[in-house]
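Chain and residue survey
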Amino acid sequence: MSDELRGSGDHHALDAATIQEIEAIAASLTYEDLELESPPADLWGRISSSFDSEATNSPTQTRERNAPAPSGAKVTNLSQHSEARNRRPRQALILGAAAAVVVIAAVTIGVLVAEGGNGEVVASADLEPLAEGYIGEASLAAADQGFTLELLLESLPTLEESEGYYEVWLIKSLDTGEMQSLGFVDGSQDIELPPGLNPAEYSTVDLSIEPLDGVPTHSGQSVLRGTLVSEV
Amino acid sequence: MSAPDPDPLRAVEAGFSSGDDGALEAVYNEYGSLVFTYCRRSLGPDTAADVSQEVFLAAWRARGRFDPDKGSLPGWLMGITKNKIIDHLRAKGRRITTVGSTETVEIVGMSDEVSNLGDRMLVADALASLPERARLIVEMAFLEDLTHTQIAERTGVPLGTIKSDIRRGLARMKRNLDGLR
């Protein structure tokens, strides 16, 4: 489970009693509870003037509920990866009869690369387990010089040495086998994509078990797979 | 230590705990409406701003006691707000003077309502912080009372994704509520 469920360092999963309690509160929500009222415009001024300048000395910060996260463009090996929380204004989700989830458009990605990224998550993939014991998801974040794939592996069985290693891929087409390896992983990790790799084209994230047989191509033994879907 | 935290809200929490310049304003920008709305819906429009002001002053003074491992900052703030609201209701003499134990029951009832509203608003805040798809799915599950299957039929989103979105939503709600308790 993610670190959000672990609480103060104890590794208990979300227990049943807590789930029921939270679900009961959530079920009692009304739409009014979702609507917030703005305080009077002078309220902050009143608060800050109650203090000496130490507490409040700062350049004026405008309220940005969609403020982009600082860039994490370096490749980092994170054992606990906190999810980017991007608050967004309410938008209607476009629903259709067929699969309604929007796939990344090449145009969108092009614009982002040109403007220079800031760590904002632009796409995400829920990874479907293709074998037992695997839970994972991936996010695509716009970084300074391209994209970072943030791989969050919540459940990853340890492999015996004889079984091989985990390798992560971005797949363009399962039919033609066009894919790009992003290397070996042993846990959650942020991976800088190679500059020429367009995630709109290579949009399927795949985690496989690769035996140490000297064969560089995909073993065919995938354990997690999902398609990156636009968050923008 | 580690790479910059990609979560801007965690950065706000960290700045607040450290007592950074401008940290309280950042917290106000993020959670001012949440605190004010709780006050307003519990106390009415006249005193909501005054009590909100007291909350942020008290929060700043007590910032050393906020522990991000024990729960979220909005949860902690709303805990302070709840106490201020209840203190205010008591001070205004809202208790009905009656004989025997009815007076006690009245205060308990009032505290429950205030407490329930605070819980709901924190759950709503957690919901609002979710990514677009997860938020809409959690809304459909809890506000529209749709089953996972019904949500899957209406959105075309796979059942597994729906379950994981709801799990993520519950985790956010837990972190908010943990701060309150």
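The residue numbering used here restarts from 1 in each chain and proceeds along that chain's sequence as written. Chain A is the first chain written and ligand 1 is the first ligand written, with later ones labelled in order. Only residues with pLDDT of at least 70 are given local features in this predicted model, and only at 80 or more are side-chain atom pairs given and counted; all residues enter the totals for whole chains, interfaces and linings. For the side-chain quantities, the full set of heavy atoms in the structure was used; hydrogens and water were omitted.

A helix here means a DSSP run of H or I that spans at least four residues, while a strand means a run of E at least two residues long, and both kinds are numbered starting from the N terminus. In terms of regular secondary structure, chain B is built from eight helices and zero strands. A total of 181 residues make up chain B; the buried ones form 61% of that total. Partitioning the contacts of chain B with sequence separation of at least 6, the portion at a separation of at least 24 is 68%. Calculation of accessible area relied on Shrake-Rupley with a 1.4 Å probe; when residues are assessed, cover is drawn exclusively from the protein chains displayed. With an accessible surface of roughly 7300 Å², chain B has 49% of that area assigned to carbon and sulfur atoms. Partly exposed residues are those whose accessible area sits between 20% and 50% of the maximum for their type, while under 20% is buried and over 50% is exposed, using a 1.4 Å probe and protein chains only. Here, residues are in contact when the closest pair of their heavy atoms is within 4.5 Å.

Moving on: the side chain of E167(A). Residue and element names in this part refer to chain A. Along the chain, E167 falls in strand β4 (residues 165-173). Two residue types count as positive, namely Lys and Arg, and two as negative, namely Asp and Glu; His and chain ends fall outside the count. Criterion for a salt bridge: a side-chain nitrogen of Lys or Arg within 4 Å of a carboxyl oxygen of Asp or Glu. For the buried E167, no salt bridge is present, and the opposite-charge side chain at shortest range is R225, 13 Å distant. Within the structure, E167 has its side chain in polar contact with the side chain of S181 (distance 2.5 Å). Leaving out residues up to four positions away in the same chain, E167 has contacts with S181, G183, F184, D206, L207, S208 and E210. Counted as a polar contact is a pair of N or O atoms within 3.5 Å, where, for protein atoms, one must be capable of donating a hydrogen and the other of accepting one, and residues adjacent in sequence contribute only when both atoms are in side chains.

Think of a nonpolar core as a cluster: buried Ala, Val, Leu, Ile, Met, Phe, Trp, Tyr and Cys residues, connected wherever their side-chain atoms sit within 4.5 Å. Counting 68 residues, the largest nonpolar core has I47(A), F16(B), L73(B) and L77(B) as the members making the most contacts within it. With 11 residues, the top contributor of residues to this core is helix α2 (residues 23-43) of chain B. Once residues within four sequence positions are removed from consideration, F16(B) is found in contact with A23(B), L24(B), V27(B), A59(B), W60(B), R63(B), F66(B), L73(B) and W76(B).

Here we take up the pairing of strand β3 (residues 146-155) of chain A. Within a regular strand, the side chains alternate between the two sheet faces. Residue and element names in this part refer to chain A. In terms of burial, β3 is largely enclosed, as nine of its 10 residues are buried. Pairing between strand β2 (residues 135-143) and β3: nine bridges, direction antiparallel. What sits directly across from A143, in β3, is G146. Strands pair, by our definition, only if DSSP identifies at least two bridges between them. Connecting β2 to the next strand, β3, in antiparallel fashion are two residues. Where β3 lies against strand β6 (residues 189-192), four bridges are found, and the strand directions are antiparallel. Among the inter-strand pairings, L151 is bridged to a residue of β6, identified as Q189.

This brings us to the confidence of the model for chain A. All names here are of chain A. Values of pLDDT, which run from 0 to 100, indicate the predictor's confidence residue by residue. Residues of chain A with pLDDT of at least 70 account for 62%, and the chain-wide mean is 70. Throughout residues 1-13 the model reports pLDDT below 50, and contacts reaching past four residues in sequence, or to other chains, amount to 21 contacts. Note that pLDDT drops below 50 for residues 53-116; the model gives that stretch 144 contacts with residues more than four away or on any other chain.

Here we come to the packing of α2(B) against helix α3 (residues 45-61) of chain B. Residue and element names in this part refer to chain B. In this analysis an axis means a line fitted to C-alpha atoms, helices contributing only their contacting stretch, and an angle means the value between N-to-C directions, from 0 to 180 degrees. Across the interface, α2 lies against α3 with an axial gap of 8 Å and an inter-helix angle of 140°. Classified by the angle their axes make, α2 and α3 are oblique. Seen from above, α2 lies across α3 with right-handed handedness. Only P45, T47, A48, A49, V51, S52, V55, F56 and W60 of α3 make contact with α2, whose side of the interface consists of A23, L24, V27, Y28, Y31, G32, V35, F36, C39, R40 and L43. Residue type decides the class: Asp, Glu, Lys and Arg count as charged, Ala, Val, Leu, Ile, Met, Phe, Trp, Tyr, Cys and Pro as nonpolar, and the leftover types, Gly among them, as polar. When the residues that make up the contact of α2 with α3 are grouped by side-chain class, the tally is 16 nonpolar, three polar and one charged. Throughout, the term roughly parallel applies to angles under 35 degrees, roughly antiparallel to angles over 145, roughly perpendicular to angles from 65 to 115, and oblique to all others. Two helices cross in a left-handed way if the nearer one is turned anticlockwise from the farther one by less than a right angle. They cross in a right-handed way if the turn is clockwise.

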